[in-house]
Amino acid sequence: ETHDLTEFLSFAITLAQEAGKMIKDATENRMSGTGNQFLVKYDNPTDLVTETDQAVEKYIKKRLAETYPDHRFIGEETMAEGVDAVFTDEPTWIVDPIDGTTNFVHGHPFVAVSIGLTIGKEPVVGVVYCPLMNELFSAAKGHGAFLNQSIRLPFFQPTPPPLGDLSQCVVATEAGSDRSPEVIDKKIETIHTILKQKQHNGKEAHSIRCTGSAAINLCTVAKGVVDVYWEVGCWEWDVVAAIVIVRESGGIVVTGSHQPDPAPVNIFSRKYLAIRAAQDENSQLNVAQQMWDIIPEIT
Ligand code: LIP
């Protein structure tokens, strides 16, 4: 069976725009004091869920079921209700209604709705929309990656600047929701090593960034404005859409750890490393290797 990825992509863009409006309205209502859409439903301090997360996912799920009744669905809030993620070769929509919920609760604009599609278990369509910043990232396999449907990614066309080694990189990463001492200590140690003077080729990395959203971190890699993203502990719905966007921008995404080369991605790995586009794949693999030399085994 052949699928028209561009049709799925345009539907995903429409859905992301509709969902984005719900997120934007909730933010504006809260700012103007009308509405309590920011009501936190599950107050785990490191993994917040609001009424808006649930309403947006319900809406997206309903629209998808009406339009593609044969397709499967995996969503952050649906899984939180205890539904098992059944993953097959069938077209499967993988959705995070709000990636960056902590930002959303605090009124910080780095918030995105993330809608990905896998077919044959491979991520093939991805839309990440940041409604408070008016940035819509989209990609379908074989069709390139775009910002706001018109600007081709990465920036710096026709060719991105050389990647260099880790000492010339900005690295995005996150605190994550697992704050057990074993996990957080290893993450902090890793960040320490990335930033420590005279580590990489005799130098430290340029800096680190944490946007609070895995999807947005990956989209900064797709833009080419961040060189590396590494995170352990986030979920498939945080990354599937943006994986398509990074790959279509010429970046590489590797899952798991200490792999010799970019093997097919395992979206469930909960360990993700992405490197931005570069003229030569060797420099991407070189930076990946430098990261693997630092990244500890976590969980
Ligand atoms: C968040 C991720 C973030 C991660 C957080 C959380 P949410 O997703 O995008 O990268 O560090 O632990 O999982 O919960 O805002 O959808």
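Parameters at a glance
- Residues numbered from 1 in each chain as written.
- Predicted model: local features only at pLDDT ≥ 70, side-chain atom pairs only at ≥ 80, totals over all residues.
- Heavy atoms only, no water.
- Domains from an automatic or database assignment.
- Buried area = accessible area lost by both parts, 1.4 Å probe.
- Salt bridge = Lys/Arg side-chain N within 4 Å of Asp/Glu carboxyl O.
- Polar contact = N/O pair within 3.5 Å; in protein donor to acceptor, adjacent residues only side chain to side chain.
- Helix = DSSP H or I, 4+ residues; strand = E, 2+ residues; numbered from the N terminus.
- Nonpolar A, V, L, I, M, F, W, Y, C, P; charged D, E, K, R; others polar.
- Near = heavy atom within 4 Å.
- Areas by Shrake-Rupley, 256 points an atom, 1.4 Å probe, with all protein chains shown as cover.
- Buried < 20%, exposed > 50% of the residue type's maximum accessible area, 1.4 Å probe, protein only.
- Pairing = 2+ DSSP bridges.

A.B. asks: For the domain arrangement of the protein, give the residues involved together with the corresponding values.
C.D. replies: For the protein, the assigned domains read domain 1 (5-152) and domain 2 (166-294). With both chains or domains summed, domain 1 and domain 2 bury close to 2300 Å², and 71% of this area falls on carbon and sulfur atoms. For domain 1, the biggest contributors to the area lost against domain 2 are Thr46, Asp99 and Pro123; these three give 23% of the whole. At the junction of domain 1 and domain 2, the tally comes to two salt bridges. As a salt-bridge pair, Glu122 and Arg247 come within 3.8 Å of each other at their nearest N and O atoms. There are 10 residue pairs in polar contact (both at pLDDT 80 or more) connecting domain 1 and domain 2. For the side of domain 1 that touches domain 2, the elements supplying multiple residues, two or more each, are strand E3 (72-75), helix H3 (76-80), strand E4 (92-99), strand E5 (112-119), strand E6 (122-130), strand E7 (135-140) and strand E8 (145-147). When residues in the side of domain 1 that touches domain 2 are grouped by element, the largest group, eight residues, is from E6. In the side of domain 1 that touches domain 2, the residues fall into 23 nonpolar, 12 polar and seven charged.

A.B. asks: Give me the lowdown on the site of the ligand, citing residues and values where you can.
C.D. replies: For the ligand, the set of nearby residues contains 14 residues, the closest of which are Asp96, Asp99, Gly100, Thr101 and Glu231. Glu231 places a side-chain nitrogen or oxygen 2.5 Å from an oxygen atom of the ligand. Coverage of the ligand by the protein amounts to 91% of the 380 Å² it exposes when considered alone. Among the elements that make up the shell around the ligand, the one with the highest residue count is E4 (three residues). Of the residues contributing to the shell around the ligand, the split by class is two nonpolar, five polar and seven charged. Summarising the domain contributions, the shell around the ligand has at least three residues from each of domain 1 (5-152) and domain 2 (166-294).

A.B. asks: I'd like a description of the pairing of strand E13 (residues 252-255), backed by residues and values.
C.D. replies: The alternating pattern of E13 places Ile252 and Val254 on one face and Val253 and Thr255 on the opposite face, and all of these are buried. Pairing between E13 and strand E14 (residues 271-275): four bridges, direction antiparallel. Directly across from Ile252, in E14, lies its bridge partner Ile275.

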